[in-house]
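What the coordinates show
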Amino acid sequence: MNYYSLNKKAPNTSFKDAVIKGLAPDKGLYFPEEINALPKSFFENIDNLSYTEIAFETIKQFVTPDIPEDVLKTIIEETLSFDFPVIELNQNISTLELFHGPTMAFKDVGARFMARCLGYFNQNNDQEVTVLVATSGDTGGAVANGFLGVEGVNVVILYPSGKVSDIQEKQLTTLKKNITALEVDGVFDDCQDMVKRAFLDEELTTHMQLTSANSINVARWLPQLFYFVFAYKQLHNKHKEIVFSVPSGNFGNICAGMMAQQLGLPIKHFIASNNDNNVVTEYLQSEQYNPKPSVQTISNAMDVGNPSNFIRIQEIYHNNFEALKENLSSYSFSDKQTKEALKEIYNDYSYVADPHGAVGYLGCKAYLKEHPETHCVFLETAHPTKFLDIVEDTIRENIDLPEQILKVMDKKKKSIKISSYNELKEVLLK
């Protein structure tokens, strides 16, 4: 499979080069030249397939021949070393738990998959690769864990100071080895802008091989389609049309779900559930796309004012606004509504959600008012203990800390504080 730049001003390239470059030379995101739907029999017989077999069949067209099929199978087996359960709250709403990996966030799958792809591509390369990534919360920990100790790869993570949870910060600042954490005086958009600028800085790119592990990278983005197919396997026997409510920040996850739909996954509709960072909610109401500075909320991984992956969603629908609106709804919810949802989920269903999942739950409720015949699945994208203060204060209960969290709590934070692009550049050129 080859990939083209969505800015249409760069040569098409292979999966390998798209992964290593991260961003095209014309600043565009890479997108696959073709999306070949799987046969209907694949979905009809999905109960007979393991998660590994499902993942292999859904991803192989996008990565072969750059990664041989036997290597791809090993990468998938190593990536999917944990479960993805669907928990039913009532007859119309379920949640898909994506927090059973090593850093307890949905991004573990993409980070682990990409790390193994990059490790394979770099195995005979004398030049080190520097993975440069911005995080609004969970990406940093997932990437740090996924790439920890990968030979020939250095990881530099930028995160906004004081705007990630304590546990999220611990997960990305305590690993050391080949991981460097940069604490940025600013918001996530400042971090993301610095990363994009670095990719276009010839003084840097002539001295080092830079790539990104944000969802702009095809190897981080595409494996996220697995979740939606795994959920379908668990839910299709309900014989109801399935709708996914996805807590959305940079829009990589929901875009991957739409790719699964393009492969033939029988999904009725998607909901982009936003917090107060509601650029896409407003776009679907007005057809005016107006990025704006992000604002801080209790669902911090969604605090994105200019979601990078939305251009990929527009490409899937050939920039046809009506076609997109037919398949995507979007709602925006405040912190107050999010806390009320956390209490409601706990009191009504004895289920502890995190703030992002609570936003997804509210998206389900809003959609079901108009479409009560559907079954709506909200994605629980991170374990609630990653937002311990907010969740415990809201539901008035103490939550037991899982092993993955306990093992980082007492580790010493190590970060480098920066406030400008020039300071980032100094760190990279050392």
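Everything numeric in this text was worked out from a predicted model, so none of it was measured.

Calculation rules
- Residues numbered from 1 in each chain as written.
- Predicted model: local features only at pLDDT ≥ 70, side-chain atom pairs only at ≥ 80, totals over all residues.
- Heavy atoms only, no water.
- Pairing = 2+ DSSP bridges.
- Helix = DSSP H or I, 4+ residues; strand = E, 2+ residues; numbered from the N terminus.
- Axes fitted to C-alpha atoms, helices over the stretch in contact; angles between N-to-C directions.
- Contact = heavy atoms within 4.5 Å.
- Expected span 1.5 Å × (residues − 1).
- UniProt positions renumbered as here; feature names shortened; annotations may be inferred.
- Salt bridge = Lys/Arg side-chain N within 4 Å of Asp/Glu carboxyl O.
- Buried < 20%, exposed > 50% of the residue type's maximum accessible area, 1.4 Å probe, protein only.
- Lys, Arg positive; Asp, Glu negative; His and termini not counted.
- Phe/Tyr/Trp six-rings, centres within 6.5 Å; stacked < 30°, edge-to-face > 60°.
- Lys NZ or Arg CZ within 6 Å of the ring centre and 35° of its normal.

**Some details on the sheet that holds strand β9 (residues 209–212)**
- An order of β9-β6-β7-β8-β14 is seen for the five strands of this open sheet, with the pairing classed as parallel. Unpaired on one side and paired on the other, β9 and β14 (416–418) mark the two borders of the sheet. Averaged over all neighbouring strand pairs, the angle between strand axes comes to 25°, with direction disregarded.
- The pairing of strand β6 (residues 129–134) with β9 spans four bridges and is parallel. What sits directly across from L132, in β9, is S212.
- Helix α5 (residues 107–121) contacts β6, β7 (153–160) and β9 of the sheet and is inclined by roughly 155° relative to β9.

**Details of helix α16 (residues 335–349)**
- The end-to-end C-alpha separation of α16 is 21 Å, in line with the 21 Å expected for 15 residues at 1.5 Å each.
- Considering only its buried residues, α16 is in contact with α17 (355–370) and α18 (388–395).
- Just downstream of α16, S350 is the residue with a positive phi angle, here 55°.

**Structural notes on the pairing of strand β1 (residues 2–5)**
- Note that β1 and strand β2 (residues 13–14) share two bridges and pair antiparallel. Along β2, the bridge assignment pairs Y3 with T13.
- Sheet topology places β1 next to strand β3 (residues 30–32); three bridges connect them, and they run antiparallel. Residue pairing across strands places S5 opposite Y30, the latter belonging to β3.

**A word on the environment of N278**
- Structurally, the position occupied by N278 is in the loop between β11 (269–274) and α13 (279–286).
- It is 36 Å that separates the C-alpha atoms of N278 and M208, two residues lying 70 residues apart in sequence.

**Thoughts on the UniProt feature "domain: Tryptophan synthase beta chain-like PALP" (unreviewed entry) in the protein**
- When the UniProt feature table is mapped to this numbering, "domain: Tryptophan synthase beta chain-like PALP" (unreviewed entry) covers residues 96–378.
- Along residues 96–378, the helical share is 45% and the strand share 17%, with 6 Å between the first and last C-alpha atoms.

**Some words on unusual backbone geometry**
- Cis geometry is adopted by the peptide bond preceding P65, which originates at T64 and carries an omega value of 5°.
- Its identity as a non-glycine residue notwithstanding, E287 has a phi of 65°, on the positive side.
- Among the structural elements, E287 can be located in the loop between α13 and α14 (310–316).
- We note that H318 has phi near 55°; this positive angle belongs to a residue other than glycine.

**Considering the pattern of salt bridges**
- Under the defined criterion, the tally for this structure stands at twelve salt bridges.
- Note that K238 is salt-bridged to E88, the shortest N-O span being 2.4 Å. Here K238, found in the loop between α11 (225–235) and β10 (242–247), pairs with E88, found in strand β4 (residues 86–88); they are 150 residues apart in sequence, far enough to count as distant.
- E88 sits in the partly exposed class, given a relative accessible area of 43%.
- Between K413 and E183 there is a salt bridge, and its shortest N-O distance comes to 3.1 Å. One end of the pair, K413, is in the loop between α19 (403–409) and β14; the other, E183, is in strand β8 (residues 179–184), with 230 residues separating them in the sequence.
- Salt bridges here are not isolated pairs; linked through shared partners, they connect E169, E183 and K413.

**What about the side chain of E380?**
- Positionally, E380 belongs in strand β13 (residues 375–380).
- Among buried charged residues, E380 stands out as having no salt bridge; its nearest opposite-charge side chain is K386, 11 Å away.
- Discounting chain neighbours no more than four positions away, the residues touching E380 are T95, L96, E97, L98, F99, Y351, V352, A353, D354 and G357.

**Observations concerning the packing of aromatic side chains**
- Considering all chains together, one arrives at 26 aromatic pairs under this definition.
- The interplanar angle of 85° and the centroid separation of 6.4 Å between the aromatic rings of F106 and Y227 together place this pair among those described as edge-to-face. Of this pair, F106 sits in the loop between β5 (93–97) and α5 while Y227 sits in helix α11, and the two are 121 residues apart along the sequence.
- Look at Y227 and you get buried, because its relative accessible area is 1%.
- A centroid spacing of 6.4 Å and a plane angle of 45° characterise the contact between Y227 and F228, whose relative ring orientation is tilted.
- Given the relative accessible area of 0%, F228 is considered buried.
- A connected cluster of aromatic rings, assembled from ring pairs, spans Y51, F82, F84, F106, F113, F226, Y227, F228, F230, F244 and F270.
- The cationic tip of K73 hangs over the ring face of F56; the distance from NZ or CZ to the ring centre is 4.9 Å.
- Its guanidinium or amino end placed over the ring of W221, R312 lies 4.2 Å from that ring's centre, counting from NZ or CZ.

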